[in-house]
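Examination of the molecular architecture
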Amino acid sequence: MTNLKGLASLLAACALPLLAATPANAGVDSHCGNYICVMTAHHNRFVQDITVTTKDGLPGTLRAYWGNYHSPRVNAASHRWQVGYEQAQSKLVCAGLERDGRSIEDGICVTV
């Protein structure tokens, strides 16, 4: 247990300088629905990555989209897309989940 506390303290100490160096317009936002959570790291409208996870840990077909961007569909319980793309006219990053060919949840969005 002591080692875990020490590791947590070390990680927090390492992360502090990174947070201080983050530009004021950078953000990490997330939103959860009943079955999935979508998280995005972005700088203004420049989306750096999108992560979608299932809340129950069961695999399904995940995808993410915004504006002209539509991610490939992946069969997983969690997936991270490295995007590196700016969509100037889009204010939302959204995600969806399908299982057994049915849409379980769609339109879970975070504001960019």
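Before any of the text, the structure's been laid out above.
Residues numbered from 1 in each chain as written. Predicted model: local features only at pLDDT ≥ 70, side-chain atom pairs only at ≥ 80, totals over all residues. Heavy atoms only, no water.

**Remarks on the overall build of the chain**
For the chain, the helix and strand inventory stands at one helix and nine strands. Scored against the burial criterion, the 112 residues of the chain give a buried share of 35%. The long-range fraction of contacts in the chain, counting pairs at least 24 apart against all pairs at least 6 apart in sequence, stands at 45%. Total accessible area computed for the chain in this model is approximately 7,000 Å², and 56% of it derives from carbon and sulfur atoms. (Helix = DSSP H or I, 4+ residues; strand = E, 2+ residues; numbered from the N terminus. Buried < 20%, exposed > 50% of the residue type's maximum accessible area, 1.4 Å probe, protein only. Contact = heavy atoms within 4.5 Å. Areas by Shrake-Rupley, 256 points an atom, 1.4 Å probe, with all protein chains shown as cover.)

**Description of the sheet that holds strand E2 (residues 36-43)**
Pairing in this open sheet of four strands is antiparallel, and the strands run E1-E2-E3-E7 from one edge to the other. Edge positions in the sheet fall to strand E1 (26-32) and strand E7 (78-86), since each has one partner strand and no second. The sheet shows a mean angle of 15° between the axes of neighbouring strands, taken without regard to direction. Where E1 lies against E2, seven bridges are found, and the strand directions are antiparallel. Its bridge partner lying in E2, Ser-30 is registered against Met-39. (Pairing = 2+ DSSP bridges. Axes fitted to C-alpha atoms, helices over the stretch in contact; angles between N-to-C directions.)

**Comments concerning the state of the cysteines**
Evaluation of the coordinates by the stated rule reveals two disulfides. A disulfide bridge connects Cys-32 with Cys-37, and the sulfur atoms are separated by 1.9 Å. On the sign convention where negative is left-handed, the bridge of Cys-32 and Cys-37, at about 110° about the S-S bond, is right-handed. Take Cys-37: its relative accessible area is 11%, and that puts it in the buried class. Disulfide pairing is shown between Cys-94 and Cys-109; the S-S distance is 2.0 Å. As the torsion about the S-S bond is roughly 105°, the Cys-94-Cys-109 disulfide counts as right-handed. Linking Cys-94 in strand E8 (residues 92-99) with Cys-109 in strand E9 (residues 102-111), this pair joins segments that are 15 residues apart in sequence. If you count the bonded cysteines of the chain from the N-terminus, they pair up as 1-2, 3-4. (Disulfide = S-S within 2.5 Å.)

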